Amino acid sequence: MAFTLRQLQFFVAAAEAGSVSGAARALSISQSSVTEAIRGLEDDLGVVLFDRQARGILPTHKGSAFLRHARQILADVANARSTFQAEAETARGRLSLGVTSLVAGYVLSDILQRYRRAYPQVELNVIEDSGDYLQHLLIGGELDVAVLLTSSVHDRMALNVETLLVSPYRLWLPLGHPLAQQESIALEELAGTPMIQLMVDEIEESTRRLTAALPVKPQIAFRTRSVEAVRSLVATGAGLAILPSLVYRPWSLEGDRIEIRDVSGDLPTVQVGLAWRKGAPLTGPASNFIRSAQSTAVVRPS
């Protein structure tokens, strides 16, 4: 029969105490339990571990050699146990997460699905707000991590930033629109065209910069903070829209009545990713969320 951890613990305690009675007191057990454990260990190893003396016990030469092994085995077991306990602690706890409205609707769900599946016991507190306000909360230590448009993060000295997804702008048109016959459309061809403008995150400012240099400005027919409103308005012919391709959903309501085309020229991209405070230790749930997000998203054009 192989020796047990219990026998090793009793053997080490007896060697350190110098007596069976001392080991029994230290372990809060009976002397007979210690004696039985040592005898069983000696039988298993086939060696005598202690010299029994009038005033106690003293490890033999082989007993001293085995004592080093026993201590190492018990230390390794303790380390293994503490490692798994530490991992269990990081699988619990609380995560304060910030997200912008555009990201909440089109990127966050996939990341959260993977994270919740891996760490179901973590308590999540999610705040949706503007990118600027989320950066303020991160720097102030009120958020652990934010998922936002990293292209709009201003204070790179205070925040760690990692981009997960890069999405180019595309032109949205209703089915049958004359421009839909072209694979790529120049911005100049949109001059005087009714446009639907999305006023979310940095989208409004980006589209304004895109059209600022045109000799004839597009006509802004409608401004909205709803992507679904843009989708419906474009589908019904109320105007065209320039939006990041990450929000294009052909299978959604009205989506099958919309086509997208590339726009030629030097267009910006929308970069979605993570931000967290520099110089502050991450909690276990926050570290796990970052790793989960990194494995969910890939930096590539959408």
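This structure is a prediction, so every number in the text was calculated from the model and none was measured.

Student: What exactly am I supposed to notice about the overall build of the chain here?
Tutor: Along its length, the chain carries ten helices and twelve strands. Computed over its C-alpha atoms, the radius of gyration of the chain comes to 33 Å, more than 25% above the 19 Å expected for a compact globule of 302 residues. Taken over the C-alpha atoms alone, the chain extends approximately 110 × 40 × 30 Å along its principal axes. Across the 302 residues of the chain, 43% fall into the buried class. Restricting to contacts in the chain with at least 6 residues of sequence separation, those with at least 24 account for 76%. Each charge sign in the chain was given a centre, from 29 positive and 31 negative side chains, and these centres are 7 Å apart.

Student: Help me understand helix α1 (residues 5–17) in this model?
Tutor: The α-helix winds at 3.6 residues per turn, so residues separated by three or four positions along the chain end up facing the same way. The terminal C-alpha atoms of α1 lie 18 Å apart, and with 13 residues this matches the ideal 18 Å at 1.5 Å per residue to within 8%. Q7, L8, F10, F11, V12, A13, A14 and A15 are the residues of α1 that are buried. Count one or two residues on from α1 and you reach G18, which has phi positive near 80 degrees.

Student: Please clarify how the pairing of strand β11 (residues 258–264) should be interpreted in this entry.
Tutor: Two faces belong to every sheet, and in a regular strand the side chains alternate between them. Most of β11 is tucked away: five of the seven residues are buried. Pairing analysis gives four bridges linking strand β6 (residues 159–174) to β11, with the strands arranged antiparallel. By the bridge assignment for β11, L173 is matched with E259. Two strands pair when backbone bridges link them, and strand β7 (residues 184–186) and β11 are joined in this way by three bridges, in the parallel orientation. By the bridge assignment, I185 is partnered in β11 with V263.

Student: How should I be thinking about the nonpolar core in this particular structure?
Tutor: Nonpolar side chains in soluble globular proteins tend to be buried together. V147, W172, L190, V272, L274 and F289 are the most contacted members of the largest nonpolar core, which has 56 residues in total. Tallying contributions element by element places β6 first for this core, with six residues. Counting 18 residues, the second-largest nonpolar core is a separate cluster that includes V20, V34, L49 and A70.

Student: Just to check I follow, could you spell out the packing of helix α2 (residues 20–27) against helix α3 (residues 31–45) for this structure?
Tutor: A pair of packed helices is characterised by two quantities: the angle between their axes and the separation of those axes. Across the interface, α2 lies against α3 with an axial gap of 8 Å and an inter-helix angle of 115 degrees. When the axis of α2 is compared with that of α3, the two are roughly perpendicular. In this structure, α2 crosses over α3, and the sense of that crossing is right-handed. Facing α2, whose interface residues are V20, S21, A23 and A24, α3 presents Q31, V34 and T35.

Student: Any chance you could explain the environment of A70 here in plain terms?
Tutor: By the element assignment, A70 lies in helix α4 (residues 61–90). Along the primary structure A70 and F11 are separated by 59 residues, whereas in three dimensions their C-alpha atoms are 8.3 Å apart. With sequence-adjacent residues up to four places away left out, A70 is seen in contact with L8, F11 and V12.

Student: Help me understand the packing of aromatic side chains in this model?
Tutor: Note on aromatic pairs: each is described by the distance of the centres and the angle between the planes. Under the definition given, this model contains five aromatic pairs. Here F11 and F50 contribute two aromatic rings whose centre-to-centre distance is 5.4 Å and whose plane-to-plane angle is 55 degrees, an arrangement assigned as tilted. Separated by 39 residues along the polypeptide, F11 in helix α1 and F50 in strand β1 (residues 50–53) bring together distant segments of the chain. Measuring from centroid to centroid gives 5.2 Å for Y115 and Y119, while their planes differ by 45 degrees, and the two rings are tilted. Accessibility expressed as a relative area gives 1% for Y115, which makes it buried.

Student: Please explain the environment of T269 as it appears in this structure.
Tutor: Relative to the helices and strands, T269 is located in strand β12 (residues 269–277). For the pair T269 and G131, spaced 138 residues apart in sequence, the C-alpha separation works out to 16 Å.

Student: In this structure, what is going on with the packing of α1 against α2? I would like to understand it.
Tutor: Running from amino to carboxyl end, α1 crosses α2 at an angle of 120 degrees, the nearest separation of the two axes being 8 Å. With respect to α2, the element α1 is oriented oblique. Where α1 crosses over α2, the handedness of that crossing is right-handed. Listed contacts from α2 to F10, A13, A14 and A17 of α1 are G22, A23 and L27.

Criteria and thresholds
- Residues numbered from 1 in each chain as written.
- Predicted model: local features only at pLDDT ≥ 70, side-chain atom pairs only at ≥ 80, totals over all residues.
- Heavy atoms only, no water.
- Helix = DSSP H or I, 4+ residues; strand = E, 2+ residues; numbered from the N terminus.
- Rg over C-alpha atoms; globule rule 2.2 N^0.38 Å.
- Buried < 20%, exposed > 50% of the residue type's maximum accessible area, 1.4 Å probe, protein only.
- Contact = heavy atoms within 4.5 Å.
- Lys, Arg positive; Asp, Glu negative; His and termini not counted.
- Charge placed at Lys NZ, Arg CZ, Asp CG, Glu CD.
- Expected span 1.5 Å × (residues − 1).
- Pairing = 2+ DSSP bridges.
- Core = buried A, V, L, I, M, F, W, Y, C linked by side-chain atoms within 4.5 Å.
- Axes fitted to C-alpha atoms, helices over the stretch in contact; angles between N-to-C directions.
- Parallel < 35°, antiparallel > 145°, perpendicular 65-115°, else oblique.
- Left-handed = near helix turned anticlockwise from the far one by under 90°.
- Phe/Tyr/Trp six-rings, centres within 6.5 Å; stacked < 30°, edge-to-face > 60°.

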